[in-house]
There are 2 protein chains.
Amino acid sequence: MKAVMLVMDGVGDRRCASLSGQTPLEAAQAETFNELAKQGECGIMDVISPGLPNGSDTGHLALLGYNPFEVYTGRGPFEAFGAGIQLEENDIAFRCNFATVNADGMIIDRRAGRISTEEAAALGKAIEDITLKEFPDVEIIFKPTVEHRGVLVLSGKGLSDKVSDVDPHAVGVYYQPPKPLERGPKARKTARILELFLERAREVLNNHPLNQERIARGLNPANALLTRGGGHPPKLKPFHEKFGLRGAIIAGGALYKGVCRAAGFDVIEVPGATGTVNTDLNAKMEAAINALKTYDFVLVHVKGTDSASHDKDPAKKIRMIRNTSEAFSKVVEYAATENIYIVIASDHSTPVEIGEHRGDPVPVTIVGPDVRRDYVERFDEISCARGGLGRIRGIDLMPILCNYLGKMSMFGE
Amino acid sequence: MKAVMLVMDGVGDRRCASLSGQTPLEAAQAETFNELAKQGECGIMDVISPGLPNGSDTGHLALLGYNPFEVYTGRGPFEAFGAGIQLEENDIAFRCNFATVNADGMIIDRRAGRISTEEAAALGKAIEDITLKEFPDVEIIFKPTVEHRGVLVLSGKGLSDKVSDVDPHAVGVYYQPPKPLERGPKARKTARILELFLERAREVLNNHPLNQERIARGLNPANALLTRGGGHPPKLKPFHEKFGLRGAIIAGGALYKGVCRAAGFDVIEVPGATGTVNTDLNAKMEAAINALKTYDFVLVHVKGTDSASHDKDPAKKIRMIRNTSEAFSKVVEYAATENIYIVIASDHSTPVEIGEHRGDPVPVTIVGPDVRRDYVERFDEISCARGGLGRIRGIDLMPILCNYLGKMSMFGE
């Protein structure tokens, strides 16, 4: 038996004053999602634990059945996996942002005006050529991914992941070079390599014609890289060994592909899947239907709901929910003919009036031929709380699903 | 204050296509149970953890407040306790099935046509006399229990419980003698003793007139024993020390008596309590009422709901639910006059259209004079999920009950 899981990033929300007290999911009245809630078993889910806000990386680990408290080593390695970089055990990977730093050295835009993926690719090309003759034994790989996002990998001997984040997760503060976070030569060496590389990168970026042009057009230049989330690759027991399911992921964003790739999933690249609100939802859903013909478990990730939340744009979030619901109807149709189980979930809440991740539980629905049908009629944070699943944790979702798929082994007899 | 807990084995279920999408509990419309749900506090319960299918042994441990991950040593010892065998610390007990093995050595029926308890007793008599002159220092006890079920105990020095199951939990596979599962002389010796004993048993059974007669009548002979779940006796803190309650159990099946006896319960033998769908429910309920006069906590176990599920017979499961509900009304009446708390629970779900244990949560209801009465009106998997208890774990049930009984000690002050 097979299953498809739709993850709407950051879809969970709160009462919004601007929506007359409704949540975006309530306001969206998304037909397909509400129909699934009617047919299925609903609940709310603390992706990690009650009240704890989490990132997309730890959230996806939990959704895949891994305990992030045990396996998480930082965001960097997942970005690297997502960008298609094969990490070795001793490599250290960092998540990077293209950012705007002003003449005083103050960070004024952590996303460099959300530069386009194409612009980032051009800037990345220029950065690729940087080598540090001071550290000839260390290989440096930089790869831009989607919009302002990128990944940096240090490969070599005597490195440590205990170095400070350069990205302060705030604007209006001064750029600080990385510092070692533990004693000994390894962290010192790593921090120094990173510092030198980021300096050279700023030089290259400042002089890049694309940035000169952006300034001329009144846009924030992408004139610095900010690193964060450095870590060695995590050790994950492959998903197919853990649950007996061959998994595939369809996503625009590198991080989601990365978490799944680290768990042994195949990544299905879909042209037009951009990881933004302008993604080609229909193409992703078509790809999901195709993938279900060869894979046991297909995860479809939609990023736009989270991006709209970070942009504090309720109308955009509602539109993204509705569009996803409509596009997903094709998957629902196919799943019904093949007795494929459906899960609608999310990796965390991003209340749109706050614009940041929060620790509110997310709604969840499971649909399948023999799933206990409860009395819930709408897929939203409030309706689902009265459903047959009750309040569960993210790490329990896969066992609950695998129980339906007949993939759980018995304890005792 | 006192309590009675009714455990309907395997009663939890899913949507059944053959019941127009209802679960057997929904379809049964069992009057007494629904009335209790109305009066009480309801919830759903992951007996072990979400999605994890469990056996009756680990399930009952959890229901009694023991963490099976900490105390479980295998099914064998509980079967032995249930059969009234006093186990010593170094003994190893196995669950046994009378089975049918064909001339090629293939297992064709793991239950030997579900032979009757009387037939099994007669065959057991013949096996009792087997001694192994090769191992004069080891005592071997075999005792049949209910229908095809039995227990084997090895008592002596230098034994190990690390030997493989002979019962493959499947038919159409060849009989395999037990193998040591760890290095060293103990496991080797144990496997060899078991192998020899099972060989002799096959000789005795093959030549037994009762089996000749079964063959003549076209029935599967009980011509082999299959062992599984071997283990040393578990170390359980006695129930009355743990919760301050003197416990008694009323059950037909040996396993349930065994778990409770291992926890220090008294076993109340009820003539007509067979552990099958033909059990005398009224006699068991009468015995429960009597037991409540001397004991603080009485567990009444009903096996028929699980047997009907394994037989994939929804009508039989519904009948068993209704009959139990009706018979239980006398206990409810008595409990009401004496302010005795009532718990309706189950040890696991056995979806009747699958015929095997699954990890779906079970419904649970607690009734008592001061119990928080919620809005639930029916005792079933879907209704109870909206109850005041929410979604709990099996191991939390006894503390929740003991809190009502005033038996919990305070943490902090």
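Residues numbered from 1 in each chain as written. Chains lettered and ligands numbered in written order. Predicted model: local features only at pLDDT ≥ 70, side-chain atom pairs only at ≥ 80, totals over all residues.

1. Some points on the overall build of chain A
So, step 1. When helices and strands are tallied, chain A shows 14 helices and 14 strands.
So, step 2. On C-alpha atoms alone, chain A measures out to a radius of gyration of 22 Å, which is about the 22 Å that the 2.2 N^0.38 rule sets for 413 residues.
So, step 3. When its C-alpha atoms are laid out on the principal axes, chain A stretches across 65 × 50 × 35 Å.
So, step 4. Relative to its 413 residues, chain A shows a buried fraction of 57%.
So, step 5. Contacts in chain A between residues far apart in sequence, at least 24 positions, make up 72% of those at least 6 positions apart. (Helix = DSSP H or I, 4+ residues; strand = E, 2+ residues; numbered from the N terminus. Rg over C-alpha atoms; globule rule 2.2 N^0.38 Å. Buried ≥ 20, exposed ≤ 12 C-beta atoms within 10 Å, placed from the backbone. Contact = placed C-beta atoms within 7 Å.)

2. Some remarks on the packing of helix α3 (residues 56–63) of chain A against helix α10 (residues 254–262) of chain A
Helices that pack against each other are described as a pair by the angle of their axes relative to one another and the distance between those axes.
Residues and elements named next belong to chain A.
So, step 1. In the contact formed by α3 and α10, the axes pass within 10 Å of each other and the chain directions differ by 40 degrees. It follows that α3 is oblique to α10 by the angle criterion. Here α3 runs over α10; the crossing is right-handed. On the side of α3, the interface is formed by S56, D57, H60 and L61, while α10 contributes L255, Y256 and V259.
So, step 2. The residue inventory of the contact of α3 with α10, partitioned by class, reads four nonpolar, two polar and one charged. (Axes fitted to C-alpha atoms, helices over the stretch in contact; angles between N-to-C directions. Parallel < 35°, antiparallel > 145°, perpendicular 65-115°, else oblique. Left-handed = near helix turned anticlockwise from the far one by under 90°. Nonpolar A, V, L, I, M, F, W, Y, C, P; charged D, E, K, R; others polar.)

3. Details of the sheet that holds strand β10 (residues 266–267) of chain A
Residue and element names in this part refer to chain A.
So, step 1. Spatial ordering of the open sheet is given by β10-β9-β11-β1-β12-β13-β2-β14, a layout of eight strands whose pairing is mixed. Looking at strand neighbours, the two that pair on one side only are β10 and β14 (390–393), the edges of this open sheet.
So, step 2. In this structure, strand β1 (residues 3–8) lies alongside strand β12 (residues 341–345), joined through five bridges in parallel fashion. Counted as the bridge partner of A3 is Y341 from β12.
So, step 3. Relative to the sheet, α10 contacts β9 (247–250), β10 and β11 (297–302), its axis offset from that of β9 by approximately 175 degrees. (Pairing = 2+ DSSP bridges.)

4. Quick look at the interface of chain A and chain B
So, step 1. With 21 residues of chain A in contact, the opposing surface of chain B contributes 30 residues.
So, step 2. Residue assignment for the side of chain A that touches chain B shows that the elements contributing at least two residues are β14 and α14 (394–404) of chain A.
So, step 3. Among the elements that take part in the side of chain A that touches chain B, α14(A) stands out by supplying five residues, more than any other.
So, step 4. For the side of chain A that touches chain B, the residue count by class is eight nonpolar, five polar and eight charged.

5. Some remarks on the confidence of the model for chain A
So, step 1. Per-chain confidence: chain A averages 96 in pLDDT, with 100% of residues scoring 70 or above.
So, step 2. Across the interfaces of the predicted complex, the ipTM metric reaches 0.90, alongside a pTM of 0.91. (pLDDT = per-residue confidence, 0-100.)

6. A few points about the relation of the copies chain A and chain B
So, step 1. Mapping chain A onto chain B calls for a rotation angle of 125 degrees and an axial translation of 0.4 Å; the resulting RMSD is 0.2 Å. The transformation just described matches what one would write down for a three-fold rotation axis.
So, step 2. Little of the interface of chain A is mirrored in chain B, where only 14% of its interface residues again form contacts. (Least-squares fit on C-alpha atoms with pLDDT ≥ 70 in both.)

7. Brief notes about the pairing of strand β1 (residues 3–8) of chain B
All names here are of chain B.
So, step 1. Where burial is concerned, most of β1 is hidden: six out of the six residues are buried.
So, step 2. Both faces of β1 are covered, namely the face carrying A3, M5 and V7 and the face carrying V4, L6 and M8.
So, step 3. Relative to strand β11 (residues 297–302), β1 runs parallel, the two sharing six bridges. The partner of L6 across the bridge, within β11, is V300.

8. Observations concerning the pairing of β12(A)
Residues and elements named next belong to chain A.
So, step 1. Burial runs high along β12: five of the five residues are buried.
So, step 2. Here β12 shows no split at all, with Y341, V343 and A345 on one side and I342 and I344 on the other all buried.
So, step 3. Sheet analysis places β12 next to strand β13 (residues 362–367), joined by three bridges and oriented antiparallel. Across the sheet, residue I342 finds its bridge partner in β13, namely V367.

9. Focus: the nonpolar core
So, step 1. If you look at the biggest cluster of nonpolar residues, it comprises 259 residues, and the most contacted ones within it are V4(A), I250(A), V298(A), V4(B), I250(B) and V298(B).
So, step 2. In contact with I250(B), other than residues within four places in its own chain, are I268(B), V270(B), A273(B), K284(B), A287(B), A288(B), A291(B), V298(B), V300(B) and H301(B). (Core = buried A, V, L, I, M, F, W, Y, C linked by C-beta atoms within 7 Å.)

10. A closer look at the packing of helix α11 (residues 281–294) of chain B against helix α13 (residues 314–338) of chain B
Residue and element names in this part refer to chain B.
So, step 1. Remark: α11 packs on α13, axes separated minimally by 9 Å, with the N-to-C direction vectors making an angle of 20 degrees. Considering the angle they form, α11 stands roughly parallel to α13. In the packing of α11 onto α13, the handedness of the crossing is right-handed. Residues L281, N282, M285, A288, I289 and L292 of α11 form the contact with α13, whose participating residues are N323, T324, A327, F328, K330, V331 and Y334.
So, step 2. Considered class by class, the residues forming the contact of α11 with α13 number nine nonpolar, three polar and one charged.

11. Topic: the sheet that holds strand β2 (residues 41–46) of chain B
Residues and elements named next belong to chain B.
So, step 1. Spatially, eight strands are ordered β10-β9-β11-β1-β12-β13-β2-β14 in an open sheet, and the strand pairing comes out mixed. Strand pairing shows two members of the sheet lacking a second neighbour, β10 (266–267) and β14 (390–393), which therefore form its edges.
So, step 2. Two strands pair when backbone bridges link them, and strand β9 (residues 247–250) and β11 are joined in this way by four bridges, in the parallel orientation. Bridged to I249 within β11 is L299.

12. Structural notes on the domain arrangement of chain A
Residues and elements named next belong to chain A.
So, step 1. As assigned here, chain A comprises domain 1 (3–70 + 237–404) and domain 2 (81–231).
So, step 2. Distance between the C-alpha centres of domain 1 and domain 2: 31 Å.
So, step 3. Contacts between the two partners involve twelve residues from domain 1, matched on the other side by seven residues from domain 2.
So, step 4. Residues of the side of domain 1 that touches domain 2, tallied by class, amount to four nonpolar, six polar and two charged. (Domains from an automatic or database assignment.)

13. A word on helix α6 (residues 117–128) of chain B
The α-helix winds at 3.6 residues per turn, so residues separated by three or four positions along the chain end up facing the same way.
All names here are of chain B.
So, step 1. The end-to-end C-alpha distance of α6, which contains twelve residues, comes to 16 Å, matching closely the 16 Å that a straight helix rising 1.5 Å per residue would cover.
So, step 2. For α6, the set of buried residues is E119, A120, L123 and I127. Considered in projection along α6, the buried side chains sweep an arc of 95 degrees and stay on one side of the axis. Along α6, exposed side chains directed more than 90 degrees from the buried face belong to E118 and K125. (Expected span 1.5 Å × (residues − 1). Arc of directions from axis to C-beta.)

14. Some remarks on α3(A)
Residue and element names in this part refer to chain A.
So, step 1. By the criterion of burial, α3 is predominantly enclosed, with eight of the eight residues buried.
So, step 2. Those residues of α3 that sit buried are S56, D57, T58, G59, H60, L61, A62 and L63.
So, step 3. Tucked inside the fold, the buried residues of α3 contact β1, α4 (68–71), α5 (76–82), α10, β12 and α14.
So, step 4. Just past α3, the residue G65 takes up positive phi, approximately 90 degrees.

15. Here's the deal with the environment of V300(A)
All names here are of chain A.
So, step 1. For V300, the location among the structural elements is in strand β11.
So, step 2. Judged by the 27 C-beta atoms lying within 10 Å of it, V300 falls in the buried class.
So, step 3. A C-alpha to C-alpha distance of 6.2 Å links V300 and M5, two positions 295 residues apart in sequence.
So, step 4. Excluding residues within four positions of it along the chain, V300 makes contact with V4, L6, I250, K284 and A288.

16. A few points about unusual backbone geometry
So, step 1. With a phi close to 45 degrees, A112(A) is a non-glycine residue in the positive phi region.
So, step 2. Within the secondary structure, A112(A) is located in the loop between β4 (106–109) and α6 (117–128).
So, step 3. Here S20(B), not a glycine, exhibits a phi torsion of approximately 55 degrees, which is positive.
So, step 4. Here S20(B) lies in the loop between β1 and α1 (24–28).

17. Points about the environment of Y404(A)
So, step 1. With respect to the helices and strands, the residue Y404(A) is situated in helix α14.
So, step 2. Classification of Y404(A) as buried rests on a count of 25 C-beta atoms within 10 Å.

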